[in-house]
Amino acid sequence: MEALKVLALLVVALLSPVTSSIVYQDETSDATLSPGDDEVHVRQYPSPVTVNSRHDQPPLIVNDSLITDFMEVNPLEVDGMELFEGDIMLTKEQWRMLKEERKFQNYGSELYKWQPGPSGFPLVPYRFESSVAAGSAAANAIAAGIAHWESNTCLQFEQTTNTAQPHLRFIVGSGCWSYIGRLFQNFPNGQQVSIGRGCETMGIVAHEIGHAIGFNHEQSRSDRDDYVVIHFDNIRSSASGNFNQRNTIDVVTYDYESIMHYSTKAFSFNGFPTISTIDSSKNHLIGNRDALTFNDILLANLMYGCITSWEDACGMSSDSCEGEGYIGASCSCVCPPDTTGSNCETPIPPPAVAEDGCTQTITTETTFTSPSTNGLSCTVDIQAPECHTPVITFTQFRLYQKVTCENNQACCYYDSLELREDYPNTASTMYCSTDLAGQTITAGSQRVVLFYFKRWSSALLEADITFAQVPGCEPATPTTTTSTSTTSTSTTSTSTTTTSTSTSTTEPPTPPKCTIEVHNGVFYWISPLFDENYPNGRTCRVSGYSNTAAFHLKSIVFDLDTTDCQDYVLLTTLFGKTQKYCGDISKINFKSPSFNFILDFVTNDMDNSMGFNISLAPRITPNQDCHEVITLEAGQEYTLDSPFFGQGKQKKKAYCEWRLVAPEGSTIQVKQLISRIKPSSDCNKDFLLLNGNMEKLYPSETSLQYCSVFNTMDIMTTETNMLYVAYQKKRAKTKGFRLKAMVV
Ligand SMILES: [Zn+2]
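Right, let's walk through the structure included here. Residue numbers run consecutively from 1 along every chain, following the written order of its sequence. Since the coordinates come from a predicted model, pLDDT governs what is reported: local features require at least 70, and pairs of side-chain atoms require 80 or more to be given and counted, while whole-chain, interface and lining totals use all residues. Here the side-chain values reflect all heavy atoms present in the structure, with hydrogen atoms and water set aside.

Below, the discussion takes up the overall build of the chain. Strands here mean DSSP runs of E at least two residues long; helices mean DSSP runs of H or I at least four residues long; both are numbered from the N terminus. Scanning the chain from N- to C-terminus turns up seven helices and 43 strands. Buried means the residue's accessible area, taken with a 1.4 Å probe over protein chains only, is under 20% of the maximum for its type, while exposed means over 50%, and partly exposed covers the values in between. Expressed as a percentage of the 744 residues in the chain, the buried residues total 53%. For the chain, the share of sequence-separated contacts (at least 6 apart) that also reach a separation of at least 24 residues comes to 74%. Working note: accessible area of the chain is about 32,200 Å², and carbon and sulfur atoms make up 50% of it. Between two residues, a contact is recorded if the distance between any of their heavy atoms is within 4.5 Å. Here the accessible surface of atoms and residues is derived via Shrake-Rupley with a 1.4 Å probe, and residues count as covered only by protein chains that are part of the display.

In structure tokens:
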């Protein structure tokens, strides 16, 4: 690709007012590192990215997986009709009734149920509209969802061509949605169920069919407050109606795991949970989208009289099945998941560790390691002995980065850790990214609940948990040292598989490359095969050019092989200054006055590690206009003052760059320089740089560097018609500079 095209692409991709660009190349290590025209990987994202709204993509770190619930990416409205509770289509009449009296129909009513067919069992005729292509993902998922309902209930689904009857019309519409129940009066010729893009799983189809046969969302039941707490403060204002309760007659026990239950962060505007289970050990169950549960199936079988039909056909009674067990189609007991045996007479003891391998109660000092499973909403209930308080040291803390939430604030949406001292109330702060890496937190009370929400495949969390004595506290009862513990640490298995390239193919495989992503004007530079281990013997280079912005480099993730720093990232900035980064560093945070830099990633031929994701942000120092191109006329004299010059001590930092431009053919003479810059060794803290050769990186051979206090006349004259001036001030004692220039 032509360099010019590259530039144009990047400028378009960068939707911030700062114009900066990145030149990017990636090549094998034996090639020379000269600025090249290699392929550029840039993807444009909508800006600003708002999560929770309409199929916008989060700022993806490539080569990983980030899971979402379908309710989060569903559209808010379809064809001008708002979706109720995220995925329910209502008729205009239902909306009106809802607004007037907050309830609109009795779902249990015969009127909304599917009617028996010739076999005597309820019959749901359906057809695929033309948008559902035969053999498509949607068609397959719909078939699987239908089969799932048929094999567990007495509902029969029959594909039909007769449109003059109530039936389900499956479409690939916008999002996943359905009406509730059979709406015979509104839709005598069929009602739509949309299985749009991203909805093509058996579980989601089963959920939407659930609505179509008359199911509500589980947490709208009238008894839900006995099981869950709704955090109304965290719900989007437009969505608070989605958490209304109904007057329901609840014939089966509240089911956290129901396929009809909202997930933890449903309709959250700020990334904090909107639903918590009162019992801390149940949080991980809500938001199931895999399959119908025993209770989902039981409810349908009760609603549609399936059990009575089977009892009659089998000549048996469900009384023979214990507990909630019942006689199923095969004339044997269908047992709840916690019992087994021909009459459901044998209880299955609950597992020592919860099903997610993470949720647990900790009462003794231990190391907690989160499993690598994705989609966790793991609750670790830490209970210290009397007069003790939990002390938590995070030895591994690498969660997905912050994203922009609906309040336009940076929030921990995809991964988050909360420390709740007042469970089930949510905490006031959430952590993600590398916020708590290496940090120790002492709880303010005897109990603290870690609520860990993990949706990024590469997230890592490990913590040492100890208990500290509260000074001056005397236990009312003597402490026993051996208390029962349900603690179990499942070790995260670190993937050590290296990708082996196929040798039999004639075409050599394309070597994996570093990539660049742009999000909200920030570039993300990502190592090849990030998250799987980068390949050996690779080199990539990225360089940035801008005359209007400072540079801020931060590591999102940085994990290179630690052997003798042989795999490294080398940052070259102004005046030939370099920084070498290697090993597993929790935080890199580097600023430079100029968005002119070179970054090289070099690996040796052995050993590797996960790699890096580094953010490269073009920044303007807040409230300071200190990146400027100043055009001068022939003979003009110009005085350039740094911010705060002559103002005494100033705590504020400054990262500035100016370019003085004289008419073509003339030069610029620096006639006087007054410097009040506090000295530092190698000028590594505060400095002023001058270059008259139009060299963006201010090479040391042809540039002047100052970091001391002096007044000097006749400093230099430029070789070209431009003078580049870069200035960095980190310390209060640096009081700036005044430069007097003249066009000659
Ligand atoms: Zn739903």
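This part covers unusual backbone geometry. Cis peptide bonds are those with omega within 30 degrees of zero, and the linkage from Tyr 423 to Pro 424 qualifies with 5°. The topology assignment puts Pro 424 in the loop between strand E21 (416-420) and strand E22 (430-431). For Phe 267, which is not glycine, the phi torsion reads 60° and is therefore positive. Here Phe 267 lies in the loop between strand E9 (228-230) and strand E10 (275-277). Judged by its relative accessible area of 6%, Phe 267 is buried. A positive phi angle, close to 95°, is found at Asn 533, a residue other than glycine. Position of Asn 533 relative to the elements: it lies in the loop between strand E27 (522-526) and strand E28 (538-545). In this structure Asn 533 comes out as buried when scored by relative accessible area, which is 12%.

Glancing now at the coordination of the zinc ion. Distances up to 2.8 Å from the metal define which N, O and S atoms are donors, and 3.2 Å serves for Na, K and Ca; water is absent from the atom set, so sites may look incomplete. Distances from the zinc ion to its protein donors, Asp 87 (OD), Asp 87 (OD), His 207 (NE2), His 211 (NE2) and His 217 (NE2), fall at 2.0 to 2.3 Å. All donors of the zinc ion belong to a single chain; written as a sequence motif, their spacing is D-x119-H-x3-H-x5-H. Within this pair, whereas Asp 87 is found in the loop between strand E3 (81-82) and helix H3 (92-101), its partner His 207 is found in helix H5 (residues 202-212), the two being separated by 120 residues in sequence. The class of Asp 87 is buried, set by a relative accessible area of 0%. When its relative accessible area of 0% is taken as the criterion, His 207 is described as buried.

Below, the discussion takes up the packing of aromatic side chains. Only centres within 6.5 Å qualify two rings of Phe, Tyr or Trp (six-membered ring in Trp) as a pair; their planes then separate them into stacked at under 30 degrees, edge-to-face at over 60, and tilted for everything else. In this structure the tally under the stated criterion is 29 aromatic pairs. A ring pair is formed by Tyr 227 and Tyr 256, whose centres lie 6.1 Å apart and whose planes are at 80°; its orientation type is edge-to-face. Residue Tyr 227 is found in the loop between H5 and E9, and its partner Tyr 256 is found in the loop between E9 and E10; the two are separated by 29 residues along the sequence. For Tyr 227, a relative accessible area of 21% translates into the label partly exposed. Here Tyr 256 falls in the buried class, since its relative accessible area comes to 14%. On the basis of an interplanar angle of 40° and a centroid distance of 5.9 Å, the ring pair of Phe 294 and Tyr 326 is categorised as tilted. In this pair, Phe 294 sits in helix H6 (residues 294-303) while Tyr 326 sits in strand E11 (residues 326-327), placing the two residues 32 residues apart along the sequence. Each member of the pair, Phe 294 as well as Tyr 326, is classed as buried. Through successive ring pairs, a cluster of aromatic residues spans Trp 525, Tyr 534, Phe 558, Tyr 581, Phe 601 and Phe 612. By definition, being over a ring means that NZ of Lys or CZ of Arg is both within 6 Å of the ring centre and within 35 degrees of the ring normal. It is Lys 577 that lies over the ring of Phe 687; its NZ or CZ is 3.9 Å from the centre.

What follows concerns the pattern of salt bridges. Opposite charge on two side chains makes pairing possible when the charged atoms of those side chains draw close. Between Lys or Arg on one side and Asp or Glu on the other, a salt bridge is scored when a side-chain nitrogen of the former is within 4 Å of a carboxyl oxygen of the latter. In this structure the tally under the stated criterion is 15 salt bridges. A salt bridge links Arg 447 to Asp 381; the nearest nitrogen and oxygen atoms lie 2.6 Å apart. With Arg 447 in strand E24 (residues 447-454) and Asp 381 in strand E17 (residues 376-383), the pair connects residues that are 66 residues apart, well separated along the chain. On the basis of relative accessible area, Arg 447 is assigned to the partly exposed category, the value being 31%. Assessed through its relative accessible area of 3%, Asp 381 is described here as buried. In this structure, Lys 402 and Asp 435 form a salt bridge, with 3.0 Å as the shortest nitrogen-oxygen distance.

Attention now goes to helix H7 (residues 306-314). Residues Cys 306, Ile 307, Trp 310, Glu 311 and Cys 314 constitute the buried set of H7. Buried positions in H7, seen along its axis, are confined to an arc of 135° and lie on one side of it. Along H7, the residues that are exposed and aim more than 90 degrees away from the buried face are Asp 312 and Ala 313. Contacts made by the buried residues of H7 are with helix H4 (137-152), H6 and E11. One or two positions beyond H7, positive phi appears at Gly 315, with a value near 65°. This arc describes the spread of directions from the helix axis toward the C-beta atoms.

This paragraph deals with the nonpolar core. By nonpolar core is meant a set of buried Ala, Val, Leu, Ile, Met, Phe, Trp, Tyr and Cys residues that side-chain atoms within 4.5 Å join together. One finds Trp 149, Phe 170 and Ile 213 to be the most contacted residues of the largest nonpolar core, which totals 61 residues. Setting aside chain neighbours within four positions, we find Ile 213 in contact with Trp 114, Trp 149, Leu 155, Gly 181, Ala 300, Met 303 and Tyr 304. Ranked by size, the runner-up nonpolar core spans 43 residues in total, among them Val 380, Cys 412, Tyr 452 and Ile 465.

Taken by themselves, the reported measurements are silent on function.
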